[in-house]
Amino acid sequence: MTSSNEFSLRDLPLRPDLVGLEPYGAPQLHVPVQLNVNESAFDVPEPVVDAIVERIRPAARAANRYPDREFTELRERLANFVGHGVVPEQVWAANGSNEVLQHVLQAFGGPGRKLLSFSPTYSMYGLLAQGVGMEYVRVPRREDFTVDAELVSDAIEEHEPDIVILCGPNNPTGTGLGRDAVLAACASGAMVVVDEAYVEFSREYDATAIPLLESHPRLLISRTMSKAFAFAGVRLGYLIASPVVTNALRLVRLPYHLSALTQAAACAALEHAHLMLAQVDALRQQRDRLVVELRRRGFSPYPSDANFVLVGGIEHPEAVFDALLAEGIIVRNVGIESALRITAGTEAETTAVLEALQAIDRQ
């Protein structure tokens, strides 16, 4: 018999489709300038911290009881925050937008069904599809990483998916998403998810697909409080859809999936949304500064509607990544040829990465 010291992953009866895979995750390295996972560069404001602590105190005292299974107040506050006439019955929430998407695939995907998206895009889509045993089809984006109505319609006609995910602004390219592409997907009869994790950073403030919900009952809008809301550590994602859709997600969620502490913290943050979102314009400015300055230095940054920039024109991305890391700066190698992704940070962080890249470029 194999001893516990010799026991390895190979000795476990994994599902065949999981054998040889690596867990998802970016490197977690504590360096002075962290520009790799698209977090907000700014701490939660002190008045909001105080409000969260006050909110959590009674929730902690009552932690012997299960939380509100329907997260009633949180749904009300999210609906008010989103606007566009959205009502609480249209809102769903979970521990990050990844869990929101997992609920969607559990409810509407599964074995024998097909998920379609357009690559390169968020790598979790494929992992979530695999988790529920459904086929994942990746259709290449246009050369400039855009997705248009013709591309969407042709892909749907060829692959006949059950679910379509459109990421806009797209991770990892920062590319915006036109309404024509969303409408083309909705015309198919598939469930259509528009992942708007970065929508608050869009150059067009009305970039959201929420106005399309009323006439397209199979459309779902996924969002997160991790990015613009500077709340990545709390893990709160949400979805806006038809009440029928949100009700369907109850069939697959685990009981009491949102803790009382998570609900309390998120409600407190939403009470102070103006403070939580106060740095969005500053991050937009640093994103645009990255694009202008990197282009001036001979790189090829792509236009971005997110809080990061995909920087092309890097002949040896691995070497540049390592050189930046040696300077105490971490960015992200997303596997796109001759490119690295850089999150927009503070003014000082942007300066640091620009100066480091210039020095590396001169070597």
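Treat the numbers as computed from the prediction; the structure is a model and nothing was measured.

A.B. asks: Now, about the overall build of the protein: what can you tell me, with residues and values included?
C.D. replies: Broken down by element type, the protein carries 12 helices and 12 strands. Its C-alpha atoms give the protein principal-axis dimensions of about 60 × 60 × 55 Å. By residue count, 50% of the 363 residues in the protein fall in the buried class. With the model as given, the accessible surface of the protein reaches about 17500 Å², and the carbon-plus-sulfur share is 50%. Across the protein, the mean location of the 31 positive side-chain charges is 5 Å away from that of the 46 negative side-chain charges.

A.B. asks: Before we move on, can you summarise the packing of helix α5 (residues 149-159) against helix α6 (residues 179-186) with the specific residues and values?
C.D. replies: Here α5 crosses α6 at 20 degrees, and the two axes come no closer than 8 Å. By the angle class used here, α5 and α6 are roughly parallel. The way α5 lies across α6 gives a crossing that is right-handed. On the side of α5, the interface is formed by Ala 149, Val 152, Ser 153 and Ile 156, while α6 contributes Asp 180, Ala 181, Ala 184 and Ala 185. When grouped by side-chain class, the residues that make up the contact of α5 with α6 number six nonpolar, one polar and one charged.

A.B. asks: Got a sec to walk through a negative patch on the surface? Specific residues and values, please.
C.D. replies: A cluster of like negative charges, contributed by Asp 154, Glu 157, Glu 158 and Glu 160, occupies part of the molecular surface. Mapped onto the elements of the fold, Glu 160 is located in the loop between α5 and β5 (163-167).

A.B. asks: Go over the pattern of salt bridges, please, and point to the residues and values.
C.D. replies: Per the stated rule, a full pass over the model turns up 17 salt bridges. Residues Arg 55 and Glu 73 are paired through a salt bridge, measuring 2.6 Å at the closest nitrogen-oxygen approach. Taken as a pair, Arg 55 in helix α1 (residues 46-61) and Glu 73 in helix α2 (residues 72-82) lie far apart in primary sequence, 18 residues in all. Overall, Arg 55 belongs to the partly exposed group, its relative accessible area being 22%.

A.B. asks: Account for α2, with residues named and values stated.
C.D. replies: Where α2 is concerned, the buried positions are Leu 74, Arg 75, Leu 78, Ala 79 and Val 82. Taken end-on, α2 shows its buried residues confined to a sector of 135 degrees, consistent with a single buried face. Where α2 is buried, its residues touch β2 (91-94), β7 (219-224), β8 (237-240) and α8 (260-271). Once α2 ends, the next one or two residues include Gly 83, with phi positive near 75 degrees.

A.B. asks: I'd like a rundown of the environment of Gly 237, residues and numbers included.
C.D. replies: Among the secondary structure elements, Gly 237 is positioned in strand β8. Setting aside residues no more than four positions away along its own chain, Gly 237 makes contact with Trp 92, Ala 93, Ala 94, Asn 95, Gly 96, Ser 97, Val 100, Arg 223 and Thr 224.

A.B. asks: Give me the lowdown on the sheet that holds β7, citing residues and values where you can.
C.D. replies: Sheet architecture is open: seven strands sit in the order β2-β8-β7-β6-β5-β3-β4, paired in mixed fashion. The sheet terminates laterally at β2 and β4 (135-140), the two strands that pair on one side only. Pairwise comparison of adjacent strand axes, ignoring direction, gives a mean angle of 25 degrees for this sheet. Where β5 meets strand β6 (residues 191-195), five bridges bridge the pair, whose relative direction is parallel. Each residue of the ladder has a partner; that of Leu 166, found in β6, is Val 194. This element, helix α3 (residues 97-108), spans β2, β3 (114-119), β5, β6, β7 and β8 of the sheet and lies at about 155 degrees to β7. On the sheet, α5 packs against β3, β4 and β5 and is oriented at approximately 145 degrees with respect to β3.

A.B. asks: An account of the UniProt feature "modified residue: N6-(pyridoxal phosphate)lysine" (unreviewed entry) in the protein is needed here, citing residue identities and associated values.
C.D. replies: Under the local residue numbering, the UniProt record ascribes the feature "modified residue: N6-(pyridoxal phosphate)lysine" (unreviewed entry) to Lys 227. Along the chain, Lys 227 falls in the loop between β7 and β8. Using a relative accessible area of 15% as the deciding quantity, one classes Lys 227 as buried. Every residue in contact with Lys 227, bar those within four places of it in the chain, is listed here: Val 37, Asn 38, Ser 40, Ala 197, Tyr 198 and Phe 201.

Definitions and cut-offs
Residues numbered from 1 in each chain as written. Predicted model: local features only at pLDDT ≥ 70, side-chain atom pairs only at ≥ 80, totals over all residues. Heavy atoms only, no water. Helix = DSSP H or I, 4+ residues; strand = E, 2+ residues; numbered from the N terminus. Buried < 20%, exposed > 50% of the residue type's maximum accessible area, 1.4 Å probe, protein only. Areas by Shrake-Rupley, 256 points an atom, 1.4 Å probe, with all protein chains shown as cover. Lys, Arg positive; Asp, Glu negative; His and termini not counted. Charge placed at Lys NZ, Arg CZ, Asp CG, Glu CD. Axes fitted to C-alpha atoms, helices over the stretch in contact; angles between N-to-C directions. Parallel < 35°, antiparallel > 145°, perpendicular 65-115°, else oblique. Left-handed = near helix turned anticlockwise from the far one by under 90°. Contact = heavy atoms within 4.5 Å. Nonpolar A, V, L, I, M, F, W, Y, C, P; charged D, E, K, R; others polar. Patch = residues over 30% accessible without salt bridge, like charges linked within 9 Å, V, L, I, M, F, W, Y side chains within 5 Å. Salt bridge = Lys/Arg side-chain N within 4 Å of Asp/Glu carboxyl O. Arc of directions from axis to C-beta. Pairing = 2+ DSSP bridges. UniProt positions renumbered as here; feature names shortened; annotations may be inferred.

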